Amino acid sequence: MIKKSSLFISLLTILGGVVGFENQPTYSASTIIKCAGQIPNKTACLIEPSSYVIDTYRVDLCQKSPFPDFRSSANYSEAECITIFNGNGNLFRNQLGKDSKYKLPTTGREVVKPGKYKYLTMILKNSFISSGKYRSGETTWRTLGSDEKNLTTKKGDPVKFAAKLRNWRGKDNKDNGYCDNNGGTFSRCEMNYNGYEITAIGLDTDFIESYGDKVTYMFYMLELSTPITLKESSDGYFDLTLKNSLEVYGDGIKVESISTAPFIFEAKYNNNEQ
């Protein structure tokens, strides 16, 4: 039995500030810090969003990688995965504020299988909807909808915009500084960002690896630094918390974009046995 133990898993998903979103500015950094009131100069800083919406298809905990680079689709059975959530075609929507609890229904959830689990994976709809604003000095920039570069300094509420992945190499087929797999492929990026290692892959409607207009879903996989051992007698449940942010990018004088930023999932395994 697992006594008085918790499972904390962080899943960093790379969305904004990368070449993969074709309208994004091209820059990279190993660490992006919180904004402190200044306008960033050819770099980015993080702010809390005014609103944030994501749609989840499924979440799994796996003993082996279900999506190695030689495969074009995930194989959950071969990777010995436990499904935490599977909507079986029905997306689960979360409208999130800062430090929001990401509550998953029990739909498709499987019983604990004994083994050592090394990966957390998710499939999300390829549409990440958010809005935000940033004040520096006497000026406040806010999102105005359509994309991350559509900003205004006029008074009003931030307007939601949707970010979607088309490919990781951009319109000009250039190496992506975030992707460790030789600058990334059009469909796949393997990266180390803010100390987290993750694989992010575009999927079509049949959940086959793809890019461009065919990308309907996004697959994310985090390799855990410390594998988690579960026993057949383990009795517990998972809580997920999302720490979501937006990236502010500027030229030192004005804000040029407010984009969907990397976000971190923390999953806590709560053991019912004391």
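Structural data are supplied above this passage.
Each value, and the rule that gives it
Residues numbered from 1 in each chain as written. Predicted model: local features only at pLDDT ≥ 70, side-chain atom pairs only at ≥ 80, totals over all residues. Heavy atoms only, no water. Pairing = 2+ DSSP bridges. Helix = DSSP H or I, 4+ residues; strand = E, 2+ residues; numbered from the N terminus. Disulfide = S-S within 2.5 Å. Buried < 20%, exposed > 50% of the residue type's maximum accessible area, 1.4 Å probe, protein only.

1. A look at the pairing of strand 10 (residues 139–143)
Of the pairings in the sheet, the one linking strand 9 (residues 133–136) to strand 10 comprises four bridges and is antiparallel in character. Looking at the pairing, tyrosine 134 lines up with tryptophan 141 of strand 10. Between the antiparallel neighbours strand 9 and strand 10 lie two residues, among them glycine 137 with a positive phi of about 65°. Looking at chain direction, strand 10 and strand 11 (residues 151–152) are connected through two bridges and run antiparallel. The partner of arginine 142 across the bridge, within strand 11, is threonine 152.

2. Re the state of the cysteines
Following the criterion strictly, the structure yields three disulfides and no others. One disulfide bridge connects cysteine 62 with cysteine 81, the sulfur atoms lying 2.1 Å from each other. Given an S-S torsion of about 105°, the disulfide between cysteine 62 and cysteine 81 has right-handed geometry. Of this pair, cysteine 62 sits in strand 3 (residues 51–62) while cysteine 81 sits in strand 4 (residues 81–86), and the two are 19 residues apart along the sequence. Here cysteine 62 matches cysteine 81 in class, with each residue buried. Each sulfur in the disulfide pair cysteine 179 and cysteine 189 lies 2.0 Å from the other. Taking the sign of the S-S torsion, -115° for the link of cysteine 179 and cysteine 189, the bridge is left-handed. Of this pair, cysteine 179 sits in the loop between strand 12 (161–163) and strand 13 (188–193) while cysteine 189 sits in strand 13, and the two are ten residues apart along the sequence. Under the relative-accessibility criterion, cysteine 189 is labelled buried at 0%. In the chain, the bonded cysteines, taken in the order they occur along the sequence, pair up as 1-2, 3-4, 5-6.

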